[in-house]
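Architecture and fold: a report
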Amino acid sequence: MAETAGAEKVHSGAQAPRAFTSNPLITLWSTVIGKKIVMAVTGAVLVGFVIAHMVGNLKIFEGADAINTYAHFLRVVGMPELGYGQLLWIVRSVLLLSVILHIIAAWQLTLMNRAARPVDYKIRANQESTWASRTMRWGGVVLLVFIIFHILHFTMGVVGFQPGQWQDLAVYQNVVAGFSLWPVSAFYIIAMAALCLHLDHGIWSGIQTLGWNTQRNQSKIRMASRVIAVIVFLGFISVPVSVLAGWLK
Ligand code: HEM
């Protein structure tokens, strides 16, 4: 998440051409560290959402009423000051902006990293390109495909359902019907594994970028990233696994 691991190899000479502007935010964005900060901050927003979403999903184990009422609550929260679903749209906008900035920063850091490598180093670095950096890039692509599928699936009901099967706000029934197809559940479980790896390295990288790691807390931060990643993985996969096992029906 917070940075492409490959970008760790960026040389000091890898700065993008300086933008001719007096706006400090645009100047910061044109630098390697600026893009890493954008990745760390947008990554933190996305991690917060993912944890909240995973905890919210666990309401399914309290029964259909609990999760369906929760879905309704997400639409009415903030009323009457805000209109129906308005807060949800604000959250969706922040998430979409975060995803877009996160991807653009990752993409540009990768290009800057490649451009900064001398030719002989480039050949060696390609061979050495760490497992973490490859996982971050490919994992990010898997997650993007997953999110697009997921919104078309559970939020809009336009893929993975028979006509008329998906019902607005009937989250429990939609989830049980959706995960009853094992290839769909398998895809979710694979995507959650990609998310787990992405969080494991990403949380750690983001904390490094923000300068919160020290010699003393290094191993604790490493462990905390891993624990969060594994908890998120287990929390999310518990739903498709329970449907496939017949515990949720
Ligand atoms: C097994 C894992 C997951 C399940 C069962 C699940 C379930 C759901 C459901 C039922 C909805 C529709 C909620 C509603 O209409 O109120 C939803 C929406 C959504 N989920 Fe997930 N989700 C899972 C994993 C994820 C992950 C890993 C992400 C992000 C990386 C994610 C991102 C989203 C987003 C962005 C929405 C749309 C929210 C909206 O605009 O209403 N989900 N999810």
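Given the structure is predicted, the values throughout are model-derived calculations rather than measurements.

**Details of the overall build of the protein chain**
Regarding its fold elements, the protein chain presents 9 helices and 0 strands. Along the chain direction, N to C, the helices and strands of the protein chain fall in the order α-α-α-α-α-α-α-α-α. Summarising the internal contacts of the protein chain: among those between residues at least 6 apart in sequence, 73% fall at separations of at least 24. Surface accessibility of the protein chain: about 14100 Å² in total, with carbon and sulfur atoms responsible for 70%.

**Here's the deal with the coordination of the iron atom of the ligand**
The protein atoms donating to the iron atom of the ligand are His53 (NE2) and His150 (NE2), with metal-donor distances spanning 1.9 to 2.0 Å. Every donor counted, the 6 donor atoms about the iron atom of the ligand form angles of 86 to 179 degrees at the centre, which fits octahedral coordination. Of this pair, His53 sits in helix H2 (residues 32–57) while His150 sits in helix H6 (residues 131–155), and the two are 97 residues apart along the sequence. Judged by its relative accessible area of 28%, His53 falls in the partly exposed class. Looking at His150, the relative accessible area reads 18%, which means it is buried.

**Remarks on a nonpolar patch on the surface**
Taken together, Val41, Val45, Leu87, Ile90, Val91 and Val94 make up a surface patch of nonpolar side chains, about 420 Å² in accessible area. Elements that contribute at least two residues to the nonpolar patch include exactly H2 and helix H4 (86–116). With 4 residues, the single largest contributor to the nonpolar patch is H4. Within the element layout of this structure, Val45 appears in helix H2.

**Some points on H4**
In this model H4 runs 45 Å from its N-terminal to its C-terminal C-alpha over 31 residues, within 8% of the 45 Å that 1.5 Å per residue would give. Along H4, the residues classified as buried are Leu88, Leu95, Ser98, His102, Ala105, Ala106, Leu109, Thr110, Met112, Asn113 and Ala116.

**Quick word on the confidence of the model for the protein chain**
For the protein chain, mean pLDDT is 89; residues scoring 70 or higher make up 87% of the total. Of all helices and strands in the protein chain, the one with the weakest mean pLDDT is helix H5 (residues 119–128) (54), whereas helix H7 (residues 171–179) scores best (98). Here residues 1–14 is a poorly scored stretch, pLDDT under 50, and it has 55 contacts once near neighbours within four places are set aside; other chains count.

Conventions we followed
Residues numbered from 1 in each chain as written. Predicted model: local features only at pLDDT ≥ 70, side-chain atom pairs only at ≥ 80, totals over all residues. Heavy atoms only, no water. Helix = DSSP H or I, 4+ residues; strand = E, 2+ residues; numbered from the N terminus. Contact = heavy atoms within 4.5 Å. Areas by Shrake-Rupley, 256 points an atom, 1.4 Å probe, with all protein chains shown as cover. Donors = N, O, S within 2.8 Å, 3.2 Å for Na, K, Ca; no water. Tetrahedral: all angles 85-135°; square planar, octahedral: opposite > 155°, others 65-115°. Buried < 20%, exposed > 50% of the residue type's maximum accessible area, 1.4 Å probe, protein only. Patch = residues over 30% accessible without salt bridge, like charges linked within 9 Å, V, L, I, M, F, W, Y side chains within 5 Å. Salt bridge = Lys/Arg side-chain N within 4 Å of Asp/Glu carboxyl O. Expected span 1.5 Å × (residues − 1). pLDDT = per-residue confidence, 0-100.

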